[in-house]
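These are the residues of each chain, in order.
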Amino acid sequence: EEEKLWMSYFLNTGCREQEVANAEYCDLLDDKNVVWVRSKAHRGFKLKGKRYQNKGRKLPIPTVLMDKLRDRMIAKAAMPHDLIFPNGIGGVQGHFLRMLHAVAERAGVTEPELHRFRKTYADTLSDEGLPVLDIMKRLGQCSLDVTLAYLRGREAEDERVQESANQSALALYA
């Protein structure tokens, strides 16, 4: 259940590893089912990208995930500034990749990639029709080029895009 919870958090927020590692219960705006990804001066943690360092970004998450996180906080009698996914002594978890490798080995998956959760998040938002600029904001990226690199090639495979290419006036010159 613990592994499933942190993997679900990665997948449903698109957060970077250190953003998840430094997530605290007070970042859960449970009345709105939103996770507030922000810098934590008291932990020495700064968000990437100057645009987000001061105010952070707020991400919607599924109600079922918020319920699990809220239940976990209650079960652990956690305080608001406690880490959601601490290491064994309550500090910042620095071994998500190692933990993912252990899960992948049990599942028979080769070459697991922690960043794949983030890319899948971006791909899914794109597939659901979210504009690229909104995806960029949710990922906390300051560069459109970086966001497009996450999505590279997916648009060209889309049937609508292929149909557009076939109907284009440029197709006359093919």
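For the structure itself, look to the data block above.
Residues numbered from 1 in each chain as written. Predicted model: local features only at pLDDT ≥ 70, side-chain atom pairs only at ≥ 80, totals over all residues. Heavy atoms only, no water.

Considering the pairing of strand β2 (residues 34–37)
Across a regular strand the side chains alternate sides, sitting on one face of the sheet and then on the other. Both strand β1 (residues 28–29) and β2 contribute to a ladder of 2 bridges, which runs antiparallel. Note on β2: the bridge partner recorded for leucine 29 is valine 34. As judged from the 4 bridges shared by β2 and strand β3 (residues 57–60), these two strands associate in the antiparallel manner. Paired with tryptophan 36 across the two strands is lysine 58, which belongs to β3. (Pairing = 2+ DSSP bridges. Helix = DSSP H or I, 4+ residues; strand = E, 2+ residues; numbered from the N terminus.)

Observations concerning helix α1 (residues 2–13)
Residues lying three or four places apart along an α-helix face the same way, a consequence of the helix completing one turn every 3.6 residues. For α1, which comprises 12 residues, the first-to-last C-alpha distance of 17 Å matches the rise-based estimate of 16 Å (1.5 Å per residue) to within 8%. All of the buried residues in α1 are Leu5, Trp6, Met7, Tyr9, Phe10 and Thr13. Where the residues of α1 are buried, they touch α2 (17–21), β2, β3, α4 (63–75), α5 (96–107) and α6 (115–127). The positive-phi residue at the C-terminal boundary of α1 is glycine 14, with phi of around 70 degrees. (Expected span 1.5 Å × (residues − 1). Buried < 20%, exposed > 50% of the residue type's maximum accessible area, 1.4 Å probe, protein only. Contact = heavy atoms within 4.5 Å.)

A look at the nonpolar core
If you look at the biggest cluster of nonpolar residues, it comprises 36 residues, and the most contacted ones within it are Trp6, Tyr9, Leu69, Ile84, Phe85 and Phe96. Elements represented by at least two residues in this core include exactly α1, α2, β2, α4, α5, α6, α7 (132–139) and α8 (144–151). Examining the composition of this core, we find that 5 residues originate from one element, α1, more than from any other. When neighbours within four sequence positions are excluded, tryptophan 6 is seen to be in contact with Phe85, Phe96, Met99, Leu100 and Leu114. (Core = buried A, V, L, I, M, F, W, Y, C linked by side-chain atoms within 4.5 Å.)

Here's the deal with the pattern of salt bridges
A side chain of one charge can pair with a side chain of the opposite charge if their charged atoms are brought near each other. Tallied over the full model, the rule gives 12 salt bridges. Of the charged contacts in the structure, one is a salt bridge between lysine 32 and aspartate 31, with a shortest N-O distance of 3.7 Å. Owing to a relative accessible area of 56%, lysine 32 belongs among the exposed residues under this scheme. Assessed through its relative accessible area of 62%, aspartate 31 is described here as exposed. Of the charged contacts in the structure, one is a salt bridge between aspartate 123 and arginine 116, with a shortest N-O distance of 3.3 Å. Since its relative accessible area comes to 37%, arginine 116 is described here as partly exposed. A cluster of three or more residues bridged by salt bridges with shared partners is formed by Arg16, Glu19 and Arg57. (Salt bridge = Lys/Arg side-chain N within 4 Å of Asp/Glu carboxyl O.)

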